Amino acid sequence: RYGGDETATPVIGPDAMACLMQYNWPGNVRELENSIQRALVLGNGPEIQTNDLPSSVLCPILAESVAGEASSLKDMESQAIKHALQDAHGDRRKAAKKLGIGRTTIYRKLKELGLEKYRARAGKT
């Protein structure tokens, strides 16, 4: 629970707020409430950052941001995994969690996409 300080008032960072505002919210208020609770539980502090948000909220935004770069679903998947690995500082387990997929799935996807040797920390492949 955001660093264990139960008295801290949670705040939504400006980038995270922009993501929340752009999302369609098909689940309405209940989905929003669950997303905020999840971000607070999994986040690192009282301020919710973009990388604390569920992947379901980020995927449309991520797809938009890489649309110019990605020409296929495979390319978009590759970009999403690279982005998650960068946010997780190369930690594949954390990246999988951010993407909402299992640990074994990210390893399989890295192999399928030819990204096994991708090093997010150094920004190299």
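Note: the structure precedes this text.
So, here is what we can say about the structure in this document. Every value quoted in this text rests on a predicted model; they were computed, and no experiment measured them.

Some words on the nonpolar core
Among soluble globular proteins, nonpolar side chains are generally buried collectively. Core analysis: the biggest nonpolar cluster contains 13 residues, and Ile81, Leu85, Ala95, Leu99, Ile106, Leu110 and Leu115 have the highest contact counts within it. The set of elements that each furnish at least two residues to this core consists of α4 (73–87), α5 (92–99) and α6 (103–112). Among the elements that make up this core, the one with the highest residue count is α4 (4 residues). Discounting residues that sit within four places of it in the chain, Ala95 has contacts with Ala84, Leu85, Ala88 and Ile106. By size, the runner-up hydrophobic cluster in this structure holds 12 residues, among which are Cys19, Leu20, Ile36 and Val57.

Here we look at the pattern of salt bridges
Note on pairing: side chains with opposite charge can pair once their charged atoms come close. All chains considered together, the criterion is met by 3 salt bridges. Among the salt bridges present, the one from Lys109 reaches Glu77, with a minimum N-O distance of 2.9 Å. With Lys109 in helix α6 and Glu77 in helix α4, the pair connects residues that are 32 residues apart, well separated along the chain. Where Arg108 meets Glu112, a salt bridge forms, and the shortest distance between an N and an O atom there is 2.9 Å. Here Arg108 pairs with Glu112, and both are found in helix α6, just 4 residues apart, close to one helical turn. In this structure Glu112 comes out as partly exposed when scored by relative accessible area, which is 45%. Taken together, the shared-partner salt bridges connect Glu77, Arg108, Lys109 and Glu112 into one network.

Rules used in this analysis
- Residues numbered from 1 in each chain as written.
- Predicted model: local features only at pLDDT ≥ 70, side-chain atom pairs only at ≥ 80, totals over all residues.
- Heavy atoms only, no water.
- Core = buried A, V, L, I, M, F, W, Y, C linked by side-chain atoms within 4.5 Å.
- Buried < 20%, exposed > 50% of the residue type's maximum accessible area, 1.4 Å probe, protein only.
- Helix = DSSP H or I, 4+ residues; strand = E, 2+ residues; numbered from the N terminus.
- Contact = heavy atoms within 4.5 Å.
- Salt bridge = Lys/Arg side-chain N within 4 Å of Asp/Glu carboxyl O.

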